[in-house]
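# Remarks on the overall topology
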Amino acid sequence: MAVGEDMSNLVTSLLRSKNLGIGLSAKSVILLMGDIASDDGQGIWASKGTMARELETTERTVQRQISALESAGFIEEVGKRRHRNGFTVEYRICLSVVSSCPNAGGIPVADRHSTPD
């Protein structure tokens, strides 16, 4: 994973287990953000260009999906981090909003690879 140092399996697992009702593109973006985030959903400051490269899409698509995720209340901007080309917006995932979504159904993520008794 190139964009983050603090990756959270907890946040990614929560996101995967919920039906967010946001469609494939937005779900892909928030899953990447969840992978970058720390366990409390914070510390997401990858550039949109980097995210687009990792998701094999355009920067404009990432921008649109981030706007949709913000409008839906799943993420929020918490600040900006300066770097050599200007700044990168820092986001956090609103875990309470994600947690309130219905379960996606099927086998829970934690049980998918358990060994038989």
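Now for a description of the structure that goes with this document. (Residues numbered from 1 in each chain as written. Predicted model: local features only at pLDDT ≥ 70, side-chain atom pairs only at ≥ 80, totals over all residues. Heavy atoms only, no water.)

Before going further, it helps to spend a moment on the nonpolar core. In this structure, Ile30, Met33, Met51, Ile66, Leu69, Ile75 and Ile93 are the most contacted members of the largest nonpolar core, which totals 24 residues. Of all the secondary-structure elements, those providing two or more residues to this core are helix H1 (9–17), helix H2 (23–36), helix H3 (48–55), helix H4 (59–71) and strand S2 (86–93). Here this core gets six residues from one element, more than from any other, and that element is H2. Those residues in contact with isoleucine 30, other than ones at most four positions away along the chain, are Leu15, Leu20, Ile22, Leu69, Phe74, Ile75 and Ile93. (Core = buried A, V, L, I, M, F, W, Y, C linked by side-chain atoms within 4.5 Å. Buried < 20%, exposed > 50% of the residue type's maximum accessible area, 1.4 Å probe, protein only. Helix = DSSP H or I, 4+ residues; strand = E, 2+ residues; numbered from the N terminus. Contact = heavy atoms within 4.5 Å.)

When strand S1 (residues 75–83) meets S2, the two strands line up antiparallel, connected through eight bridges. For lysine 80, the partnering residue across the bridge sits in S2 and is valine 89. With antiparallel pairing between neighbouring strands as the criterion, S1 and S2 make up a hairpin whose turn holds two residues. (Pairing = 2+ DSSP bridges.)

With that settled, the discussion passes to the pattern of salt bridges. Inspection of the entire model under this criterion finds two salt bridges. Notably, a salt bridge pairs glutamate 76 with arginine 92, separated by 2.6 Å at the nearest N-O pair. Placement of the pair is glutamate 76 in strand S1 and arginine 92 in strand S2, with a sequence separation of 16 residues. Classification of glutamate 76 as partly exposed rests on a relative accessible area of 32%. A salt bridge links arginine 81 to glutamate 90, with the shortest nitrogen-to-oxygen separation between them at 3.2 Å. Given a relative accessible area of 15%, glutamate 90 falls into the buried group. (Salt bridge = Lys/Arg side-chain N within 4 Å of Asp/Glu carboxyl O.)

The next point concerns the packing of H2 against H4. Axes are the key here: two packed helices are described by the angle between their axes and the distance separating the axes. Their axes nearest at 9 Å, the elements H2 and H4 cross at an angle of 85°. In terms of axis orientation, H2 runs roughly perpendicular to H4. Across from Ser25, Ala26, Val29, Ile30 and Met33 in H2, the residues of H4 making contact are Gln65, Ile66 and Leu69. Looking at the contact of H2 with H4, its residues break down into six nonpolar, two polar and no charged. (Axes fitted to C-alpha atoms, helices over the stretch in contact; angles between N-to-C directions. Parallel < 35°, antiparallel > 145°, perpendicular 65-115°, else oblique. Nonpolar A, V, L, I, M, F, W, Y, C, P; charged D, E, K, R; others polar.)

Looking only at H1, the buried set comprises Val11, Thr12 and Leu15. Angularly, the buried residues of H1 cover 100° about the axis, an arc narrow enough to put them on a single face. In this structure, H1 carries Asn9 and Leu10 as exposed residues pointing more than 90 degrees from its buried face. Buried residues in H1 make contact with H2, S2 and helix H5 (95–99). (Arc of directions from axis to C-beta.)

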